[in-house]
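As a plain string of letters, each chain reads:
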Amino acid sequence: MADAFAERADTQRQSDQAFERIKSAIILCQLPPGAHFSEAEVSSRYGLARAAARAALMRLAEVRLVQPVPRHGFVVTPITIVSIRELFELRLMTEPKAAALATGNVDVASLRAINRSPQHAGSDADQLAFVESNRAFHRYIAAAAGNSRLFHLLESLADEMQRLVHLGLFGPTGSETERRHADAQHEALLAAFEAGDAEAAESAARVHIEHSRGLAMDSIINGRSPLSLG
């Protein structure tokens, strides 16, 4: 019985590792939107056991990062104008409320430390650090809201947003202008948390999301999007 338990635990561990490996490849756009692949191909590419890859792909389908194609494997979920619109609609419904709920639960000094990202990105590593810092900033607020279901929903939305960032929908990743905008908007959130003002935190979060939506829509409308959007 102990051996069976250890075997199940090892299988689960391999499945979790496969899930994180494939998910990371999708978010970083190493597997770009619309890419087709088979279970065997992804197993070989990332050195995964077939059973672990199969279980991971089923989980990724549940969170809508991949879509099964009968008799043809899987496709990385495409990004469309409709999906971008829906993503921002959901963010506007949930993130401002999460910021309001987080008010009073945020250690502002800790959040400020997370927010200290490179101000003058001179390399790809600096640009990636900015993206990761921004993700961590919003993850902290989502966790501070104290609602585990809301946290997991916001994490899923953040995965989709990060795909858009890595695809270049918002212009050069980590550009100085956008870092300044993000810093100012984050500072408004920090000031609201510092003041214990839930209404101001909710408003600042909404402004931040609307700014991102405006950038995305402007990129699409003016033909600067790097994507072939359906």
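Everything quoted here is computed from the prediction, not taken from an experiment.

Further remarks concern the overall build of the chain. Counting its regular elements, the chain contains nine helices and three strands. Listing every helix and strand of the chain by position from the N terminus yields α-β-α-α-β-β-α-α-α-α-α-α. When the 230 residues of the chain are sorted by exposure, 40% land in the buried category. Taking contacts inside the chain between residues at least 6 apart in sequence as the whole, the part at least 24 apart equals 73%. In the structure as shown, the chain presents an accessible area of about 12200 Å², 54% of it carried by carbon and sulfur atoms.

In this section: the packing of helix 4 (residues 81-102) against helix 7 (residues 148-167). Across the interface, helix 4 lies against helix 7 with an axial gap of 10 Å and an inter-helix angle of 135°. It follows from the interaxial angle that helix 4 and helix 7 lie oblique. In this structure, the crossing between helix 4 and helix 7 has a hand that is left-handed. Residues Ile84, Leu87, Phe88, Leu90, Arg91, Thr94, Glu95, Ala98 and Leu101 of helix 4 lie in contact with helix 7, whose contacting residues are Leu150, Leu153, Leu154, Leu157, Glu160, Met161 and Leu164.

Moving on to the pairing of strand 2 (residues 66-69). Of the strand pairs in this sheet, strand 2 and strand 3 (residues 73-76) are connected by four bridges, and their pairing is antiparallel. From the neighbouring strand, valine 66 faces strand 3, where its bridge partner is valine 76. Where strand 2 folds back on strand 3, the antiparallel hairpin that results is connected by three residues, among which arginine 71 adopts a positive phi of roughly 65°.

A separate point is helix 9 (residues 198-221). The terminal C-alpha atoms of helix 9 lie 34 Å apart, and with 24 residues this matches the ideal 34 Å at 1.5 Å per residue to within 8%. Among all positions of helix 9, only Ala201, Ala204, Ala205, His208, Ile209, Ser212, Ala216, Ser219 and Ile220 are buried. Among the residues of helix 9, the N-terminal cap falls to aspartate 197, whose side-chain oxygen and the backbone nitrogen of glutamate 199 are separated by 3.2 Å.

On to the pattern of salt bridges, then. Within this structure, the stated rule accounts for 12 salt bridges. With its nearest N and O atoms 2.9 Å apart, the salt bridge here joins arginine 59 to aspartate 16. With arginine 59 in helix 3 (residues 50-62) and aspartate 16 in helix 1 (residues 2-27), this residue pair connects regions lying 43 residues apart in the sequence. In this structure, the salt-bridge partner of lysine 23 is aspartate 159, at a minimum N-O distance of 3.1 Å. Linking lysine 23 in helix 1 with aspartate 159 in helix 7, this pair joins segments that are 136 residues apart in sequence. In this structure, lysine 23 and aspartate 159 share a single accessibility class: buried.

Here we take up unusual backbone geometry. For residues other than glycine, phi is negative in most cases, and the peptide bonds are mostly trans. One non-glycine residue, arginine 64, lies in the positive phi region at around 70°. Considering the arrangement of structural elements, one finds arginine 64 in the loop between helix 3 and strand 2. You can call arginine 64 exposed: its relative accessible area is 64%.

This paragraph deals with the sheet that holds strand 3. The strand order across the open sheet built from three strands is 1-3-2, with neighbouring strands paired in antiparallel fashion. Each of the sheet's edge strands pairs with one partner strand only, and the pair in question is strand 1 (36-37) and strand 2. When strand 1 meets strand 3, the two strands line up antiparallel, connected through two bridges. Bridge assignment links histidine 36 to a residue of strand 3, and that residue is valine 75. Along the sheet, helix 3 contacts strand 1, strand 2 and strand 3; its crossing angle with strand 2, the most-contacted strand, is approximately 115°.

Inspection of the entire model under this criterion finds one aromatic pair. Between phenylalanine 37 and phenylalanine 74, the ring centres sit 6.1 Å apart and the planes meet at 20°, which makes this aromatic pair stacked. Taken together, the positions of phenylalanine 37 in strand 1 and phenylalanine 74 in strand 3 put the pair 37 residues apart, joining distant regions of the chain. Since its relative accessible area comes to 6%, phenylalanine 37 is described here as buried. Sitting above the plane of the phenylalanine 19 ring, arginine 59 keeps its charged end 4.0 Å from the centroid.

The next thing to look at is the side chain of histidine 186. Within the secondary structure, histidine 186 is located in helix 8 (residues 176-195). Within the structure, histidine 186 has its side chain in polar contact with the side chain of histidine 208 (distance 3.3 Å).

On to the confidence of the model for the chain. Confidence along the chain averages 85 in pLDDT terms, with 83% of residues attaining 70 or more. For the chain, the element scoring lowest by mean pLDDT is helix 1, at 74; helix 4 scores highest, at 96.

About the cut-offs
Residues numbered from 1 in each chain as written. Predicted model: local features only at pLDDT ≥ 70, side-chain atom pairs only at ≥ 80, totals over all residues. Heavy atoms only, no water. Helix = DSSP H or I, 4+ residues; strand = E, 2+ residues; numbered from the N terminus. Buried < 20%, exposed > 50% of the residue type's maximum accessible area, 1.4 Å probe, protein only. Contact = heavy atoms within 4.5 Å. Areas by Shrake-Rupley, 256 points an atom, 1.4 Å probe, with all protein chains shown as cover. Axes fitted to C-alpha atoms, helices over the stretch in contact; angles between N-to-C directions. Parallel < 35°, antiparallel > 145°, perpendicular 65-115°, else oblique. Left-handed = near helix turned anticlockwise from the far one by under 90°. Pairing = 2+ DSSP bridges. Expected span 1.5 Å × (residues − 1). Polar contact = N/O pair within 3.5 Å; in protein donor to acceptor, adjacent residues only side chain to side chain. Salt bridge = Lys/Arg side-chain N within 4 Å of Asp/Glu carboxyl O. Phe/Tyr/Trp six-rings, centres within 6.5 Å; stacked < 30°, edge-to-face > 60°. Lys NZ or Arg CZ within 6 Å of the ring centre and 35° of its normal. pLDDT = per-residue confidence, 0-100.

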